[in-house]
Amino acid sequence: MQQIAKAILHTDGAAKGNPGPAGAGFVLTTETGDVIAEGAIPLGHATNNFAEYKALIAGLTEAVERTIPRVEVFSDSELMCRQLNGQYRVKNEGLIPLYQEVRRLAARLECVKYTHVRRHLNERADALANEAAYLSARGG
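Residues numbered from 1 in each chain as written. Predicted model: local features only at pLDDT ≥ 70, side-chain atom pairs only at ≥ 80, totals over all residues. Heavy atoms only, no water.

1. Let's talk about the side chain of E52
Okay, so step 1: Within the secondary structure layout, E52 lies in helix 1 (residues 48–65).
Okay, so step 2: One buried charged residue, E52, forms no salt bridge at all, with the nearest opposite charge on R119 at 6.6 Å.
Okay, so step 3: Excluding residues within four positions of it along the chain, E52 makes contact with T11, D12, G13, S75, D76, S77 and M80. (Helix = DSSP H or I, 4+ residues; strand = E, 2+ residues; numbered from the N terminus. Buried < 20%, exposed > 50% of the residue type's maximum accessible area, 1.4 Å probe, protein only. Lys, Arg positive; Asp, Glu negative; His and termini not counted. Salt bridge = Lys/Arg side-chain N within 4 Å of Asp/Glu carboxyl O. Contact = heavy atoms within 4.5 Å.)

Now the structure itself:
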């Protein structure tokens, strides 16, 4: 198996009702767009911000497990990107442990860059997050 020097990670979270049935979605690809891993993770009842962080944690975990040293993250969560880039503090008590987990995972990688993008540039991760939220609503 060839070592991948850099990966692209698209993440998204969804909560129907916020809070409500929630899901996390991520897509980890090579720089040329080949899918390395993707996931749709039902989260039960949660907030959108919780789901956003869980999607990022799942994607970064895949990168760490595959020993990919550099990851460029794209998310449509402006709040999460600004928190991780140090522009905003994490004030919500429920998000602090998730933020800390992201930091622990990122510390295991050589470089992680967080970029906020519009939803239309995050379509596959958005679809996976919505699929997972639907599964949560159905008890999955």
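2. Notes on the packing of helix 1 against helix 3 (residues 96–107)
Okay, so step 1: At a closest axis distance of 10 Å, the pairing of helix 1 and helix 3 adopts a crossing angle of 20°. In terms of axis orientation, helix 1 runs roughly parallel to helix 3. The two elements helix 1 and helix 3 meet at a crossing, and its hand is left-handed. For the pair helix 1 and helix 3, contact is made by F50, Y53, K54, L56, I57, L60, T61 and V64 and by L98, Y99, E101, V102 and L105, respectively.
Okay, so step 2: When its residues are assigned to classes, the contact of helix 1 with helix 3 shows 10 nonpolar, 1 polar and 2 charged. (Axes fitted to C-alpha atoms, helices over the stretch in contact; angles between N-to-C directions. Parallel < 35°, antiparallel > 145°, perpendicular 65-115°, else oblique. Left-handed = near helix turned anticlockwise from the far one by under 90°. Nonpolar A, V, L, I, M, F, W, Y, C, P; charged D, E, K, R; others polar.)

3. Let's talk about the environment of E110
Okay, so step 1: Position of E110 among the secondary structure elements: in the loop between helix 3 and strand 5 (111–116).
Okay, so step 2: The exposed category is assigned to E110, whose relative accessible area is 61%.
Okay, so step 3: Remark: the alpha-carbon pair of E110 and P69, spanning 41 residues in sequence, is separated by 5.0 Å.
Okay, so step 4: Contact partners of E110, with chain neighbours within four places excluded, come to P69 and R70.

4. As for helix 1
Okay, so step 1: Here helix 1 is 18 residues long and its end C-alpha atoms lie 26 Å apart, about the 26 Å a rise of 1.5 Å per residue gives.
Okay, so step 2: Looking only at helix 1, the buried set comprises A51, E52, Y53, A55, L56, I57, A58, G59, L60, A63 and V64.
Okay, so step 3: Two residues or fewer past helix 1, T67 is found with a positive phi of approximately 50°. (Expected span 1.5 Å × (residues − 1).)

5. With respect to the pairing of strand 4 (residues 70–75)
Okay, so step 1: Counted residue by residue, strand 4 has 5 buried out of 6 residues, so it is predominantly covered.
Okay, so step 2: In terms of strand pairing, strand 4 meets strand 5 through 6 bridges, oriented parallel. Bridge pairing in strand 5 places E72 opposite K113. (Pairing = 2+ DSSP bridges.)

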